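Chain by chain, the residues:
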Amino acid sequence: MQDWKDLLGATFGITPDSPEQQALETNAAPPRGDALTLQGRRPVHIVYERKGRGGKQATILTDFVADDNTLRELATTLKHTLGVGGSTRGGEILLQGDVRERVRDLLAGMGFNVR
């Protein structure tokens, strides 16, 4: 029994790709890097801030190398794990509240170099 791809290829004179070639084409897309791989051994700095925020506490993670999408995914993971709100912009992750110690432990557990 012939596959529909074979029949279609025979109709239009197209040879079907080999499974090896199909695997190469699906793997040809550039891999999405995760934040840890992109960061390498560069340290991530944790800053505590209240000034300019109406007295509200904020923990800011700076010096990330990752792109915006990867950083957003990392921020989402941290926010869900810590149970806090926050945002991402300009290579920084802002987390609401004073969560310095918990963030340091989480990032160190993920393999980041934290200062």
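Bear in mind the structure is a predicted one, so any value in this text is a computation, not a measurement.

Calculation rules
Residues numbered from 1 in each chain as written. Predicted model: local features only at pLDDT ≥ 70, side-chain atom pairs only at ≥ 80, totals over all residues. Heavy atoms only, no water. Patch = residues over 30% accessible without salt bridge, like charges linked within 9 Å, V, L, I, M, F, W, Y side chains within 5 Å. Areas by Shrake-Rupley, 256 points an atom, 1.4 Å probe, with all protein chains shown as cover. Salt bridge = Lys/Arg side-chain N within 4 Å of Asp/Glu carboxyl O. Helix = DSSP H or I, 4+ residues; strand = E, 2+ residues; numbered from the N terminus. Buried < 20%, exposed > 50% of the residue type's maximum accessible area, 1.4 Å probe, protein only. Contact = heavy atoms within 4.5 Å. Pairing = 2+ DSSP bridges. Axes fitted to C-alpha atoms, helices over the stretch in contact; angles between N-to-C directions. Polar contact = N/O pair within 3.5 Å; in protein donor to acceptor, adjacent residues only side chain to side chain.

(A) Geometry of a nonpolar patch on the surface. Taken together, the side chains of W4, L8 and F12 make up a nonpolar region of the molecular surface, amounting to roughly 390 Å² of accessible area. Looking at where F12 falls in the secondary structure, it is placed in helix α1 (residues 4–12). The exposure class assigned to F12 is exposed, which follows from its relative accessible area of 59%.

(B) Summary view of the environment of Q39. The topology assignment puts Q39 in helix α3 (residues 35–39). Apart from the residues lying within four places of it in its own chain, the contact partners of Q39 are V44, D63, F64, V65 and F112.

(C) Spatial organisation of the sheet that holds strand β1 (residues 45–49). With antiparallel pairing, 4 strands are arranged side by side in an open sheet as β1-β2-β4-β3. Pairing within the sheet leaves two strands with one partner each, and these edge strands are β1 and β3 (86–89). Each adjacent strand pair in this sheet contributes to an overall mean axis angle of 20°, direction not counted. Inspection of the sheet shows β3 paired to strand β4 (residues 92–96) by 4 bridges, in the antiparallel sense. Looking at the pairing, G86 lines up with L95 of β4. Helix-sheet contacts for helix α4 (residues 68–82) involve β2 (58–62), β3 and β4, and the interaxial angle to β4 is about 20°. The strands touched by helix α5 (residues 100–110) within the sheet are β1, β2 and β4, with β1 carrying the most contacts at an inclination of about 165°.

(D) Just the side chain of T70, in detail. Assignment of secondary structure puts T70 in helix α4. Reaching out from T70, the side chain makes a polar contact with the side chain of D67 at a distance of 2.4 Å.

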